[in-house]
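Observations on the three-dimensional arrangement
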Amino acid sequence: MRFIRQSFYLVLGLTFPAFWAVHASGFAAALYLPIQRVTHAASSTWPSLLTAVLLYGAITALFECLYRVIRNAHP
């Protein structure tokens, strides 16, 4: 189980910069457009960074919850 957890965080850490770049270029722009409009930001850099961090944080929290449930499920 430790290998799965370490591999998950390695993949997550290595894919974040690429996902942020793709996200900032317009992929799933509906996530950061409301933030961009409210703050009147001309650039999509920091709103996309904020939503990418929140998305990766949610994925991490979900993984940790599932990991702990599976780890504690064994008798």
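Before reading further, recall that the structure is shown in the block above.
Before going into details, it helps to say that this report is about the structure given with it. (Residues numbered from 1 in each chain as written. Predicted model: local features only at pLDDT ≥ 70, side-chain atom pairs only at ≥ 80, totals over all residues. Heavy atoms only, no water.)

Looking at the environment of Leu-66
Along the chain, Leu-66 turns up in helix 3 (residues 45-73). Counting along the chain gives 42 residues from Leu-66 to Ala-24, while the straight-line C-alpha distance between them is 29 Å. (Helix = DSSP H or I, 4+ residues; strand = E, 2+ residues; numbered from the N terminus.)

As for the side chain of Ser-44
Along the polypeptide, Ser-44 turns up in the loop between helix 2 (33-39) and helix 3. Of note is the side chain of Ser-44, whose polar atom sits 3.0 Å from the backbone oxygen of Ala-24. Those residues within four positions of Ser-44 in sequence are excluded, and the remaining contacts are Ala-24, Tyr-32 and Gln-36. (Polar contact = N/O pair within 3.5 Å; in protein donor to acceptor, adjacent residues only side chain to side chain. Contact = heavy atoms within 4.5 Å.)

A word on the packing of helix 1 (residues 2-24) against helix 3
A pair of packed helices is characterised by two quantities: the angle between their axes and the separation of those axes. Packing of helix 1 against helix 3 leaves a shortest axis separation of 10 Å and a crossing angle of 160°. Taken as axis vectors, helix 1 and helix 3 run roughly antiparallel relative to one another. In this structure, helix 1 crosses over helix 3, and the sense of that crossing is right-handed. Grouping the constituent residues of the contact of helix 1 with helix 3 by class yields 16 nonpolar, six polar and four charged. (Axes fitted to C-alpha atoms, helices over the stretch in contact; angles between N-to-C directions. Parallel < 35°, antiparallel > 145°, perpendicular 65-115°, else oblique. Left-handed = near helix turned anticlockwise from the far one by under 90°. Nonpolar A, V, L, I, M, F, W, Y, C, P; charged D, E, K, R; others polar.)

Notes on unusual backbone geometry
Non-glycine residue Ala-28 carries a positive phi angle of around 55°. By relative accessible area, Ala-28 is classed as partly exposed at 33%. Even without being a glycine, His-40 presents a positive backbone phi close to 55°. Mapped onto the fold, His-40 is located in the loop between helix 2 and helix 3. Looking at His-40, the relative accessible area reads 70%, which means it is exposed. (Buried < 20%, exposed > 50% of the residue type's maximum accessible area, 1.4 Å probe, protein only.)

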